[in-house]
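Coordinate analysis (summary)
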Amino acid sequence: MDSALSNLLLIDECLFDEKRVQTFARAIKKSVKVGDIVVDAGTGTGIIALLAAKAGAKKVYAVEWDPEIARVAVQNIRANNFHNTIEVVNTDVREFRLPAGVHADVLVMEMLDTGFIAEQQAGAIIDLKKNSVIRANTIILPERVTFFMTALQYNFDFYGFNLPSIIQARNDGVLPRIKKVMSKDYCYADIDLQKLMSRQFSANVRLKVTQSGILNGIKLSTDIYLSGKVCHATTDMNMPIIIPIPPRQVKRGDIIPLSVEYVMGKGFRDFKIVA
Ligand SMILES: C[S@@+](CC[C@H](N)C(=O)[O-])C[C@H]1O[C@@H](n2cnc3c(N)ncnc32)[C@H](O)[C@@H]1O
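Predicted model only: the values in this text are computed from it and were never measured. (Residues numbered from 1 in each chain as written. Predicted model: local features only at pLDDT ≥ 70, side-chain atom pairs only at ≥ 80, totals over all residues. Heavy atoms only, no water.)

Another aspect to go through is the side chain of Asp113. Within the secondary structure layout, Asp113 lies in the loop between strand S4 (106–109) and helix H5 (121–130). Polar contacts involving the side chain of Asp113 include one to the main-chain amide nitrogen of Glu119, which spans 3.4 Å. With residues up to four places along the chain from it excluded, the contact list for Asp113 reads Ala118, Glu119 and Met237. (Helix = DSSP H or I, 4+ residues; strand = E, 2+ residues; numbered from the N terminus. Polar contact = N/O pair within 3.5 Å; in protein donor to acceptor, adjacent residues only side chain to side chain. Contact = heavy atoms within 4.5 Å.)

Glancing now at the pairing of strand S2 (residues 59–63). Of all the five residues making up S2, four are buried; the element is thus mostly covered by neighbouring parts of the structure. Pairing analysis gives five bridges linking strand S1 (residues 37–41) to S2, with the strands arranged parallel. Bridge pairing links Asp40 to Ala62 in S2. Here S2 runs beside strand S3 (residues 86–89); their pairing, made up of four bridges, is parallel. Each residue of the ladder has a partner; that of Val63, found in S3, is Val89. After leaving S2, the chain enters helix H4 (residues 67–79) and then returns to the sheet as S3, a path that is right-handed. (Buried < 20%, exposed > 50% of the residue type's maximum accessible area, 1.4 Å probe, protein only. Pairing = 2+ DSSP bridges. Right-handed = clockwise from strand over helix to strand, strands pointing away.)

So, on to the site of the ligand. Around the ligand, the structure places 19 residues, and the nearest of them are Arg20, Gly42, Glu64, Asp92 and Val93. A distance of 3.0 Å is found between a nitrogen atom of the ligand and a side-chain nitrogen or oxygen belonging to Asp92. Surface burial for the ligand is 99%, taken as the share of its 600 Å² of free accessible area covered by protein chains. (Near = heavy atom within 4 Å. Areas by Shrake-Rupley, 256 points an atom, 1.4 Å probe, with all protein chains shown as cover.)

Once that is clear, we can look at the packing of helix H1 (residues 8–16) against helix H2 (residues 18–31). As a packed pair, H1 and H2 sit with axes 5 Å apart at the nearest point and diverge in direction by 75 degrees. When the axis of H1 is compared with that of H2, the two are roughly perpendicular. Every residue of H2 that contacts H1 at Cys14, Leu15 and Phe16 is listed here: Glu18, Arg20 and Val21. Considering only residue class, the contact of H1 with H2 consists of four nonpolar, no polar and two charged. (Axes fitted to C-alpha atoms, helices over the stretch in contact; angles between N-to-C directions. Parallel < 35°, antiparallel > 145°, perpendicular 65-115°, else oblique. Nonpolar A, V, L, I, M, F, W, Y, C, P; charged D, E, K, R; others polar.)

With that out of the way, let us pick up H1. All of the buried residues in H1 are Leu10, Ile11 and Cys14. For H1, the angular spread of buried residues about the axis comes to 100 degrees, placing them on one side. Across from the buried face of H1, at angles greater than 90 degrees, the exposed residues are Leu9 and Phe16. Packing partners of the buried residues in H1 comprise H2 and H4. (Arc of directions from axis to C-beta.)

For an interface, size is often stated in terms of accessible area lost upon the parts coming together. Entries for the protein chain in the domain assignment read domain 1 (8–141) and domain 2 (147–274). Placing the centre of domain 1 and that of domain 2 at their C-alpha centroids yields a distance of 28 Å. Counting residues at the interface gives 32 residues for domain 1, matched by 35 residues for domain 2. Here domain 1 and domain 2 share an interface that buries about 2600 Å² over both sides, 62% of which is from carbon and sulfur atoms. Ranking the residues of domain 1 by area buried against domain 2 places Thr114, Phe116 and Ile117 at the top, with a combined share of 26%. (Domains from an automatic or database assignment. Buried area = accessible area lost by both parts, 1.4 Å probe.)

If you look at the biggest cluster of nonpolar residues, it comprises 77 residues, and the most contacted ones within it are Phe96 and Tyr188. Filtering out sequence-adjacent residues up to four positions away, Tyr188 remains in contact with Gly115, Phe147, Phe148, Met149, Phe201, Ala203, Val205, Leu220, Val260 and Tyr262. Within the second largest apolar cluster, 10 residues are counted, among which are Phe156, Ile167, Ala169 and Val174. (Core = buried A, V, L, I, M, F, W, Y, C linked by side-chain atoms within 4.5 Å.)

Turning next to the pattern of salt bridges. Enumeration according to the criterion identifies 11 salt bridges in this entry. Of the charged contacts, one joins Asp92 and Arg94 as a salt bridge, the two residues approaching to 2.7 Å between their closest N and O atoms. With a relative accessible area of 17%, Arg94 lands in the buried category. The closest approach of N and O atoms between Asp190 and Arg144, which form a salt bridge, is 2.8 Å. Linking Asp190 in strand S11 (residues 186–192) with Arg144 in strand S6 (residues 144–154), this pair joins segments that are 46 residues apart in sequence. Judged by relative accessible area, which is 30%, Arg144 ranks as partly exposed. Connected through salt bridges with shared partners, the residues Glu13, Arg170 and Asp236 form a single ionic network. (Salt bridge = Lys/Arg side-chain N within 4 Å of Asp/Glu carboxyl O.)

The next subject is the state of the cysteines. This structure, assessed with the given rule, holds zero disulfides. Cys14 forms no disulfide, and the closest cysteine sulfur to it belongs to Cys231, at a distance of 13 Å. (Disulfide = S-S within 2.5 Å.)

Structure below.
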């Protein structure tokens, strides 16, 4: 395990993100057929595995790398009487393999975050393909993601100090601190998860300034597509992220070339945004 995002406190928080759970529930109902083999990558409380079993899956592999969380999933699955259908596998999903000759009909994976920066979604899909867990005809939920960036004037003043740090919009107070939205939302990536080949990511965007002011931040946001339906930001899955950049005065009509580069799943260690 190499992600600080994996802990017992996070997984029950996920349950309270009703928009997130309902979006997955609808997509699972639409995609999982009676008799299917389903892999739930990053099972947490087991909620997605339970939804897949309820939808008629013959067998669900609920993969979870955190041993304490895996124990919780086992208890939850047993308490709901789905232990004959759902098998909890305590391993990193990037190392997970199915028995010889078996492939997943549906892969459900909620190891999502904005821009795939911190969570292992991208690397896990690549490895599940390499390990023949999924094939070209496996339904992947979500199937597609789009990444956006927006120029901002942001209020980084906290308690009288200037503290320009990376901020995730987990708290209600984050987005109201946007002083000016200075560009439209630019789509900088449109990723079909069946076709994802590499964790290395880079993109160039030319942002057109729509409002004069001091440009000091970039908002990153992500839309997630499940069975064709788009899911905008929810409280615990794809919250926007504000990235500080060196402040500069810009005026309406200016073009700001911007490049972003990182390795998906490595967090902000290698993350570079150059404006
Ligand atoms: C955002 S939570 C989602 C939990 C649950 N699927 C749900 O929808 O409520 C992501 C879960 O994936 C697990 N996880 C993250 N990376 C993993 C990996 N590489 N292999 C296995 N589990 C992983 C975390 O420990 C966490 O329980």
